[in-house]
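Summary of structural features
Letter by letter, the chains look like this.
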Amino acid sequence: MKQNIIHIALVVDDYDEAIDFYVNKLNFELIEDTYQPEQDKRWVVVAPPNSHGTTLLLAKASKPEQRGFIGNQAGGRVFLFLNTDDFWRDYERMTSIGIEFIRQPQQQDYGTVAVFKDLYGNLWDLLELNPSHPMSYRFS
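Residues numbered from 1 in each chain as written. Predicted model: local features only at pLDDT ≥ 70, side-chain atom pairs only at ≥ 80, totals over all residues. Heavy atoms only, no water.

Some remarks on the pairing of strand E4 (residues 55-60)
Note: strand E1 (residues 7-12) against E4, six bridges, orientation parallel. Note on E4: the bridge partner recorded for leucine 10 is leucine 58. Bridging between strand E3 (residues 41-47) and E4 involves three bridges; their strand directions are antiparallel. Bridge pairing in E4 places valine 46 opposite leucine 56. (Pairing = 2+ DSSP bridges. Helix = DSSP H or I, 4+ residues; strand = E, 2+ residues; numbered from the N terminus.)

Below is the structure:
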């Protein structure tokens, strides 16, 4: 049996501002942006560059009860983990364009990590796993 998590839905306030952030600031690729007239919404999928795994489905809040989850999908915990092949390259680029890091870089047993906020306040780990980490083989 083979299964994969293909998308993680991320509740956003506006499709275009979310696309701008993920594509122009995080350098993600816009995989799909398709209007769905039957639901009057867009199917917007982005992914980190050269990624072959899980993608983000940017899902615009369409009901009042969904708006409260924009920027707080995990109750203030780190929600998403962006693994990189060069932590310092990405950290320097991200700080130079104003991405806010709320925890500065640290060396941990599993690799180098810092916590940043996306445009809505969701918390992310930027990390580079050590080669000996059990998950590192999946990203090489």
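A few points about the nonpolar core
Nonpolar side chains in soluble globular proteins tend to end up buried together. Counting 28 residues, the largest nonpolar core has Tyr22, Leu56 and Leu58 as its most contacted members. For this core, the secondary-structure elements that each account for two or more residues are E1, helix H1 (15-25), E3, E4, strand E5 (78-83), helix H3 (87-96), strand E7 (111-117) and strand E8 (123-129). Residues contacting tyrosine 22, with those up to four places away along its chain left out, are Leu10, Asn27, Phe28, Val46, Leu56, Leu58, Asp118, Leu119 and Trp124. (Core = buried A, V, L, I, M, F, W, Y, C linked by side-chain atoms within 4.5 Å. Buried < 20%, exposed > 50% of the residue type's maximum accessible area, 1.4 Å probe, protein only. Contact = heavy atoms within 4.5 Å.)

Here's the deal with unusual backbone geometry
Its identity is not glycine, yet asparagine 27 carries a phi of approximately 65 degrees, on the positive side. Assignment of secondary structure puts asparagine 27 in the loop between H1 and strand E2 (29-36). On the basis of relative accessible area, asparagine 27 is assigned to the partly exposed category, the value being 37%. Positive phi, normally seen in glycine, also occurs at asparagine 50, with a value near 60 degrees. In this structure, asparagine 50 sits in the loop between E3 and E4.

A closer look at the sheet that holds E3
Pairing is mixed in the open sheet, where four strands are placed in the order E1-E4-E3-E2. At either end of the open sheet lies a strand with only one pairing partner, and these are E1 and E2. With direction set aside, neighbouring strand axes in the sheet form an average angle of 25 degrees. Seen against the sheet, H1 touches E1, E2, E3 and E4 and runs at an angle of roughly 10 degrees to E3. (Axes fitted to C-alpha atoms, helices over the stretch in contact; angles between N-to-C directions.)

Concerning the side chain of aspartate 118
In this structure, aspartate 118 sits in the loop between E7 and E8. Buried and unpaired, aspartate 118 has no salt bridge, with lysine 117 as the nearest side chain of opposite charge at 9.0 Å. Here the side chain of aspartate 118 touches tyrosine 22 through a polar contact of 2.7 Å, side chain to side chain. One polar contact links the side chain of aspartate 118 to the main-chain amide nitrogen of glycine 121, over a distance of 3.0 Å. (Lys, Arg positive; Asp, Glu negative; His and termini not counted. Salt bridge = Lys/Arg side-chain N within 4 Å of Asp/Glu carboxyl O. Polar contact = N/O pair within 3.5 Å; in protein donor to acceptor, adjacent residues only side chain to side chain.)

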